[in-house]
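So you can see what is in the structure, the chains are spelled out below.
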Amino acid sequence: VRTAILISGAGSNMAALIEASRAADAPFEVAVVISNKPDASGLTVAAALDVPVMAVDHRLFGKDREAHERAIDAVLMDHGVEVVALAGYMRLLTPWLVGRWNGLMLNIHPSLLPKYPGLDTHARALAAGDEEAGCTVHLVDEGVDEGPVLDQEAVPVLPFDTPETLAQRVLTAEHRLYPRALAAFCRGLH
Ligand code: GRF
(Lines give C-alpha, C1' and ligand atoms only; values in the text may rest on other atoms or scores of the structure.)
Protein backbone atom coordinates (compact mmCIF):
# COMPACT_ATOMS: atom_id res chain seq x y z
CA VAL A 1 0.00 0.00 0.00
CA ARG A 2 1.37 3.41 -1.04
CA THR A 3 1.31 5.75 1.96
CA ALA A 4 2.14 9.40 2.58
CA ILE A 5 3.34 10.82 5.89
CA LEU A 6 2.42 14.39 6.85
CA ILE A 7 4.70 16.15 9.33
CA SER A 8 5.31 19.58 10.82
CA GLY A 9 8.47 19.01 12.83
CA ALA A 10 11.14 16.49 13.84
CA GLY A 11 9.40 13.54 12.21
CA SER A 12 10.57 10.91 14.68
CA ASN A 13 7.35 8.95 14.06
CA MET A 14 7.92 9.40 10.33
CA ALA A 15 11.41 7.93 10.66
CA ALA A 16 10.04 4.92 12.54
CA LEU A 17 7.43 4.38 9.81
CA ILE A 18 10.01 4.67 7.01
CA GLU A 19 12.23 2.14 8.77
CA ALA A 20 9.29 -0.25 9.24
CA SER A 21 8.35 0.12 5.54
CA ARG A 22 11.70 -1.41 4.59
CA ALA A 23 11.05 -4.72 6.34
CA ALA A 24 10.71 -7.61 3.90
CA ASP A 25 7.12 -8.32 4.90
CA ALA A 26 6.03 -4.69 5.23
CA PRO A 27 2.56 -4.17 3.69
CA PHE A 28 3.19 -0.46 3.04
CA GLU A 29 5.73 1.80 1.38
CA VAL A 30 6.25 5.52 1.99
CA ALA A 31 5.66 7.22 -1.35
CA VAL A 32 6.14 10.80 -0.13
CA VAL A 33 6.64 12.89 3.01
CA ILE A 34 4.84 16.25 3.05
CA SER A 35 5.35 19.07 5.54
CA ASN A 36 3.39 22.29 5.97
CA LYS A 37 6.61 23.84 7.31
CA PRO A 38 9.46 24.11 4.77
CA ASP A 39 12.02 24.10 7.59
CA ALA A 40 10.74 20.95 9.29
CA SER A 41 13.83 18.93 10.14
CA GLY A 42 11.91 15.75 9.32
CA LEU A 43 12.15 16.70 5.63
CA THR A 44 15.93 16.39 5.85
CA VAL A 45 15.63 13.04 7.61
CA ALA A 46 13.25 11.70 4.95
CA ALA A 47 15.46 12.93 2.09
CA ALA A 48 18.48 11.26 3.71
CA LEU A 49 16.44 8.05 3.72
CA ASP A 50 15.76 8.47 -0.03
CA VAL A 51 12.06 9.19 0.42
CA PRO A 52 10.54 11.87 -1.86
CA VAL A 53 9.73 15.02 0.13
CA MET A 54 7.53 18.04 -0.51
CA ALA A 55 6.95 21.21 1.50
CA VAL A 56 3.51 22.73 1.03
CA ASP A 57 3.84 25.90 3.07
CA HIS A 58 0.49 26.80 4.61
CA ARG A 59 1.60 30.43 4.89
CA LEU A 60 1.37 30.76 1.10
CA PHE A 61 -2.40 30.22 1.34
CA GLY A 62 -3.25 32.85 3.95
CA LYS A 63 -6.46 31.93 5.71
CA ASP A 64 -7.69 29.62 2.95
CA ARG A 65 -7.19 26.28 4.72
CA GLU A 66 -9.04 24.39 2.01
CA ALA A 67 -6.76 25.80 -0.73
CA HIS A 68 -3.76 24.60 1.27
CA GLU A 69 -5.36 21.18 1.58
CA ARG A 70 -6.10 21.03 -2.16
CA ALA A 71 -2.39 21.66 -2.81
CA ILE A 72 -1.49 18.82 -0.43
CA ASP A 73 -4.07 16.55 -2.06
CA ALA A 74 -2.54 17.25 -5.49
CA VAL A 75 0.81 15.97 -4.20
CA LEU A 76 -0.90 12.90 -2.75
CA MET A 77 -2.57 12.21 -6.11
CA ASP A 78 0.70 12.78 -8.01
CA HIS A 79 2.37 10.09 -5.89
CA GLY A 80 -0.46 7.56 -6.16
CA VAL A 81 -1.01 7.64 -2.42
CA GLU A 82 -3.66 5.31 -0.98
CA VAL A 83 -3.32 5.91 2.78
CA VAL A 84 -2.29 9.07 4.66
CA ALA A 85 -0.51 8.95 8.03
CA LEU A 86 -0.41 12.18 10.05
CA ALA A 87 2.67 12.16 12.27
CA GLY A 88 3.27 15.25 14.34
CA TYR A 89 1.22 17.20 11.80
CA MET A 90 0.11 20.31 13.64
CA ARG A 91 -2.54 21.81 11.36
CA LEU A 92 -6.26 21.34 11.93
CA LEU A 93 -7.84 19.77 8.85
CA THR A 94 -11.06 21.00 7.26
CA PRO A 95 -13.90 18.61 6.38
CA TRP A 96 -12.67 18.84 2.77
CA LEU A 97 -9.45 16.83 3.20
CA VAL A 98 -10.95 14.65 5.95
CA GLY A 99 -13.84 13.85 3.62
CA ARG A 100 -11.49 13.10 0.69
CA TRP A 101 -9.56 10.59 2.82
CA ASN A 102 -12.41 9.34 4.99
CA GLY A 103 -11.46 5.96 6.42
CA LEU A 104 -7.95 6.18 4.89
CA MET A 105 -6.28 8.81 7.07
CA LEU A 106 -4.60 7.88 10.37
CA ASN A 107 -3.17 10.01 13.18
CA ILE A 108 -1.10 9.35 16.25
CA HIS A 109 -1.94 11.23 19.43
CA PRO A 110 0.16 11.22 22.63
CA SER A 111 -2.57 10.17 25.07
CA LEU A 112 -4.84 7.20 25.75
CA LEU A 113 -7.85 8.63 23.89
CA PRO A 114 -10.58 9.47 24.67
CA LYS A 115 -8.61 10.97 27.54
CA TYR A 116 -6.85 14.28 26.79
CA PRO A 117 -7.61 15.17 23.19
CA GLY A 118 -5.79 18.35 22.13
CA LEU A 119 -2.50 19.70 23.43
CA ASP A 120 -0.37 19.38 26.60
CA THR A 121 -1.48 15.80 27.14
CA HIS A 122 1.40 14.83 29.44
CA ALA A 123 1.02 17.79 31.81
CA ARG A 124 -2.72 17.01 32.02
CA ALA A 125 -2.11 13.33 32.82
CA LEU A 126 0.39 14.30 35.54
CA ALA A 127 -1.96 16.95 36.97
CA ALA A 128 -4.71 14.32 37.15
CA GLY A 129 -2.41 11.94 39.01
CA ASP A 130 -2.86 9.24 36.39
CA GLU A 131 -0.80 6.09 36.99
CA GLU A 132 -0.50 5.38 33.30
CA ALA A 133 -0.32 7.39 30.08
CA GLY A 134 0.28 6.42 26.48
CA CYS A 135 -0.52 6.96 22.83
CA THR A 136 -3.28 6.21 20.35
CA VAL A 137 -3.49 5.61 16.61
CA HIS A 138 -6.93 6.52 15.30
CA LEU A 139 -8.77 7.19 12.05
CA VAL A 140 -9.18 10.91 11.41
CA ASP A 141 -12.70 12.25 11.32
CA GLU A 142 -14.09 15.80 11.43
CA GLY A 143 -13.48 16.14 15.16
CA VAL A 144 -10.09 16.81 16.76
CA ASP A 145 -8.37 13.62 18.00
CA GLU A 146 -11.63 11.69 18.22
CA GLY A 147 -11.95 9.25 15.30
CA PRO A 148 -12.26 5.46 15.73
CA VAL A 149 -9.32 4.06 17.72
CA LEU A 150 -7.17 1.52 15.82
CA ASP A 151 -4.61 0.70 18.52
CA GLN A 152 -3.10 2.06 21.72
CA GLU A 153 -0.02 1.51 23.88
CA ALA A 154 0.13 2.41 27.59
CA VAL A 155 3.22 3.41 29.55
CA PRO A 156 3.61 3.79 33.33
CA VAL A 157 3.70 7.22 34.95
CA LEU A 158 6.62 7.24 37.39
CA PRO A 159 6.71 9.18 40.69
CA PHE A 160 9.17 11.87 39.59
CA ASP A 161 7.94 12.27 36.04
CA THR A 162 7.87 15.70 34.48
CA PRO A 163 5.98 16.42 31.24
CA GLU A 164 9.32 16.04 29.47
CA THR A 165 10.25 12.66 30.96
CA LEU A 166 6.75 11.34 30.34
CA ALA A 167 6.73 12.73 26.79
CA GLN A 168 9.94 10.87 26.02
CA ARG A 169 8.56 7.58 27.38
CA VAL A 170 5.35 8.04 25.34
CA LEU A 171 7.27 9.01 22.19
CA THR A 172 9.29 5.79 22.42
CA ALA A 173 6.01 3.88 22.65
CA GLU A 174 4.68 5.82 19.63
CA HIS A 175 7.60 4.57 17.57
CA ARG A 176 6.48 1.00 18.31
CA LEU A 177 2.77 1.61 18.04
CA TYR A 178 2.51 3.50 14.75
CA PRO A 179 4.39 0.99 12.57
CA ARG A 180 2.37 -1.84 14.13
CA ALA A 181 -0.95 -0.04 13.69
CA LEU A 182 -0.29 1.16 10.13
CA ALA A 183 0.86 -2.31 9.04
CA ALA A 184 -2.24 -3.94 10.52
CA PHE A 185 -4.45 -1.30 8.90
CA CYS A 186 -2.84 -1.79 5.47
CA ARG A 187 -3.10 -5.58 5.72
CA GLY A 188 -6.80 -5.14 6.40
CA LEU A 189 -7.35 -3.11 3.25
CA HIS A 190 -7.08 -5.93 0.70
C1 GRF B 1 5.12 14.44 19.53
O2 GRF B 1 4.63 15.19 20.63
C3 GRF B 1 4.30 13.20 19.37
O4 GRF B 1 3.82 12.77 20.64
C5 GRF B 1 3.16 13.65 18.51
O6 GRF B 1 3.68 14.66 17.66
C7 GRF B 1 4.87 15.24 18.27
C8 GRF B 1 6.04 15.23 17.33
O9 GRF B 1 6.25 13.93 16.89
N10 GRF B 1 2.64 12.55 17.74
P11 GRF B 1 7.38 13.63 15.72
O12 GRF B 1 8.69 13.48 16.44
O13 GRF B 1 7.40 14.85 14.79
O14 GRF B 1 6.93 12.38 15.06
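What you are looking at is a predicted structure, and each value in this text was computed from that prediction instead of being measured. (Residues numbered from 1 in each chain as written. Predicted model: local features only at pLDDT ≥ 70, side-chain atom pairs only at ≥ 80, totals over all residues. Heavy atoms only, no water.)

A.B. asks: Pulling in residues and values, what's your account of the packing of helix 1 (residues 12–21) against helix 6 (residues 163–187)?
C.D. replies: Remark: helix 1 packs on helix 6, axes separated minimally by 9 Å, with the N-to-C direction vectors making an angle of 45°. With respect to helix 6, the element helix 1 is oriented oblique. Considering the relative orientation of helix 1 and helix 6, their crossing is right-handed. On helix 6, the residues that touch Ser12, Asn13, Ala16, Leu17 and Ala20 of helix 1 are Leu171, Glu174, His175, Tyr178, Pro179 and Leu182. Tallied by class, the residues present in the contact of helix 1 with helix 6 amount to seven nonpolar, three polar and one charged. (Axes fitted to C-alpha atoms, helices over the stretch in contact; angles between N-to-C directions. Helix = DSSP H or I, 4+ residues; strand = E, 2+ residues; numbered from the N terminus. Parallel < 35°, antiparallel > 145°, perpendicular 65-115°, else oblique. Left-handed = near helix turned anticlockwise from the far one by under 90°. Contact = heavy atoms within 4.5 Å. Nonpolar A, V, L, I, M, F, W, Y, C, P; charged D, E, K, R; others polar.)

A.B. asks: Account for the sheet that holds strand 5 (residues 105–109), with residues named and values stated.
C.D. replies: Spatially, seven strands are ordered 3-2-1-4-5-6-7 in an open sheet, and the strand pairing comes out mixed. Either end of the sheet is taken by a strand with one partner, and the two such strands are strand 3 (53–55) and strand 7 (149–156). This sheet shows a mean twist of 20° between the axes of neighbouring strands, independent of strand direction. Relative to strand 4 (residues 83–86), strand 1 (residues 2–7) runs parallel, the two being bridged by four bridges. Counted as the bridge partner of Thr3 is Val83 from strand 4. Packing of helix 1 onto the sheet brings it into contact with strand 1, strand 2 (29–35), strand 4 and strand 5, and relative to strand 2 it is tilted by some 165°. Helix 3 (residues 65–78) contacts strand 1, strand 2, strand 3 and strand 4 of the sheet and is inclined by roughly 160° relative to strand 2. (Pairing = 2+ DSSP bridges.)

A.B. asks: Describe the site of the ligand, naming the residues involved and giving the relevant values.
C.D. replies: The environment of the ligand is made up of Ala10, Gly11, Ser12, Asn13, Gly88, Ile108, Pro110, Leu171 and Glu174. At 2.6 Å, a side-chain N or O of Ser12 approaches an oxygen atom of the ligand. At a separation of 2.8 Å, an oxygen atom of the ligand approaches a polar backbone atom of Asn13. Protein chains shield 78% of the accessible area of the ligand, which is 360 Å² for the free molecule. Only helix 1 and helix 6 provide two or more residues apiece to the shell around the ligand. Across the shell around the ligand, the residue classes tally to four nonpolar, four polar and one charged. (Near = heavy atom within 4 Å. Polar contact = N/O pair within 3.5 Å; in protein donor to acceptor, adjacent residues only side chain to side chain. Areas by Shrake-Rupley, 256 points an atom, 1.4 Å probe, with all protein chains shown as cover.)

A.B. asks: How would you summarise the UniProt feature "active site" (unreviewed entry) in the protein chain if you had to cite specific residues and measurements?
C.D. replies: According to UniProt, the "active site" (unreviewed entry) feature falls on His109. Tracing the sequence through the fold places His109 in strand 5. Using a relative accessible area of 3% as the deciding quantity, one classes His109 as buried. Ignoring anything within four residues of it in the chain, the contact list for His109 reads Tyr116, Pro117, Gly118, Thr121, Gly134, Cys135, Thr136, His138 and Asp145. (UniProt positions renumbered as here; feature names shortened; annotations may be inferred. Buried < 20%, exposed > 50% of the residue type's maximum accessible area, 1.4 Å probe, protein only.)

A.B. asks: Pulling in residues and values, what's your account of helix 1?
C.D. replies: By the burial criterion, the buried members of helix 1 are Asn13, Met14, Ala16, Leu17, Ile18 and Ser21. Among the structural elements, strand 1, strand 2, helix 2 (41–48), strand 4, strand 5 and helix 6 are those in contact with the buried residues of helix 1.

A.B. asks: I'd like a description of the environment of Gly42, backed by residues and values.
C.D. replies: One can find Gly42 in helix 2. Judged by its relative accessible area of 0%, Gly42 is buried. On a C-alpha basis, the gap between Gly42 and Leu113 in space is 26 Å, while along the polypeptide they are 71 residues apart. In this view, Gly42 contacts Ile7, Gly9, Ala10, Gly11 and Met14; residues no more than four positions away in its chain are not counted.

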